[in-house]
Amino acid sequence: MIAKLQCVVVDCPDPLALARFYSAVLGWRVDADDSDPGWVWLTDPATRQRIAFQRVEGEYVPPRWPDPVHPQQMHLDFDVDTRADVERAQREVVALGATFLHDSGGRERGFVVFADPAGHPFCLCYGQQGVVPS
């Protein structure tokens, strides 16, 4: 095992509105941070499972399943413990066929973005385990 699934992230034009929709569907709690309106968590109070909603900058093109011209829009976040662990994990996922895209640069807490072999983005997040909105 390289990492643990942190959450699924859904791209959308209005994270708070979409989180409220899914909150009504699932009965989960919306955890919005006024300092970052582009990112909203939806948390299951019983299990602490989470879904994140991320604002797409620019023109949002909604998916039209199963139309490949308008594909589904989401990515996976995986947890590792520390920056050193993400550096080890980076070597492993690249060896499996991932492509490095971006490093947030955080020393204690952050994320590194990769594309899987089919081009889907995913993040290796570090220093975030146990950080669940209250």
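Residues numbered from 1 in each chain as written. Predicted model: local features only at pLDDT ≥ 70, side-chain atom pairs only at ≥ 80, totals over all residues. Heavy atoms only, no water.

- For the chain, an unreviewed UniProt entry supplies the name VOC family protein and the organism Streptomyces abikoensis.

**Structural notes on the packing of aromatic side chains**
For step 1, the next point in the chain: Taken as a whole, this structure holds 6 aromatic pairs when the rule is applied.
For step 2, the next point in the chain: Ring geometry for Trp 39 against Trp 41: centres 5.5 Å apart, planes inclined by 80°, an arrangement best described as edge-to-face.
For step 3, the next point in the chain: Geometrically, the ring pair formed by Phe 100 and Phe 114 is edge-to-face, given 6.1 Å between the ring centres and 75° between the ring planes. Of the two residues, Phe 100 sits in strand β6 (residues 99-103) while Phe 114 sits in strand β7 (residues 110-115), which places them 14 residues apart along the sequence.
For step 4, the next point in the chain: An aromatic cluster is present here, built from Phe 78, Phe 100, Phe 114 and Phe 122 joined pairwise through their rings. (Phe/Tyr/Trp six-rings, centres within 6.5 Å; stacked < 30°, edge-to-face > 60°. Helix = DSSP H or I, 4+ residues; strand = E, 2+ residues; numbered from the N terminus.)

**A short note on the side chain of Asp 44**
For step 1, the next point in the chain: With respect to the helices, strands and loops of the structure, Asp 44 is situated in the loop between β3 (39-43) and β4 (50-55).
For step 2, the next point in the chain: Buried within the structure, Asp 44 lacks any salt-bridge partner; its nearest side chain of opposite charge belongs to Arg 29, at an N-O separation of 8.0 Å.
For step 3, the next point in the chain: Of the polar contacts made by the side chain of Asp 44, one reaches the backbone nitrogen of Ala 46; its length is 2.8 Å. (Buried < 20%, exposed > 50% of the residue type's maximum accessible area, 1.4 Å probe, protein only. Lys, Arg positive; Asp, Glu negative; His and termini not counted. Salt bridge = Lys/Arg side-chain N within 4 Å of Asp/Glu carboxyl O. Polar contact = N/O pair within 3.5 Å; in protein donor to acceptor, adjacent residues only side chain to side chain.)

**Some thoughts on the environment of Ala 17**
For step 1, the next point in the chain: Looking at the secondary structure, you find Ala 17 in helix α1 (residues 15-26).
For step 2, the next point in the chain: A residue is classified by how much of its surface remains accessible, and Ala 17, at 39% relative accessible area, is partly exposed.
For step 3, the next point in the chain: C-alpha of Ala 17 to C-alpha of Pro 37: the two residues are 20 residues apart in sequence and 11 Å apart in space.

**Description of the environment of Gly 119**
For step 1, the next point in the chain: Here Gly 119 shows up in the loop between β7 and β8 (121-126).
For step 2, the next point in the chain: Along the primary structure Gly 119 and Ala 98 are separated by 21 residues, whereas in three dimensions their C-alpha atoms are 8.5 Å apart.

**Quick look at the pairing of β7**
For step 1, the next point in the chain: Of all 6 residues in β7, 5 are buried; the element is thus mostly enclosed.
For step 2, the next point in the chain: Following β6, the chain reverses through 6 residues before pairing antiparallel with β7; Gly 105 in that reversal takes a positive phi of roughly 85°.
For step 3, the next point in the chain: Two elements, β7 and β8, share 6 bridges in a ladder whose sense is antiparallel. Bridging from a neighbouring strand, Ala 115 pairs with Pro 121 of β8. (Pairing = 2+ DSSP bridges.)

**Considerations on the environment of Leu 16**
For step 1, the next point in the chain: Within the element layout of this structure, Leu 16 appears in helix α1.
For step 2, the next point in the chain: When the C-alpha atoms of Leu 16 and Leu 42 are compared, they prove to be 9.5 Å apart, with 26 residues separating the residues in sequence.
For step 3, the next point in the chain: Excluding residues that lie within four positions of it along the chain, Leu 16 makes contacts with Val 30, Ala 32 and Val 40. (Contact = heavy atoms within 4.5 Å.)

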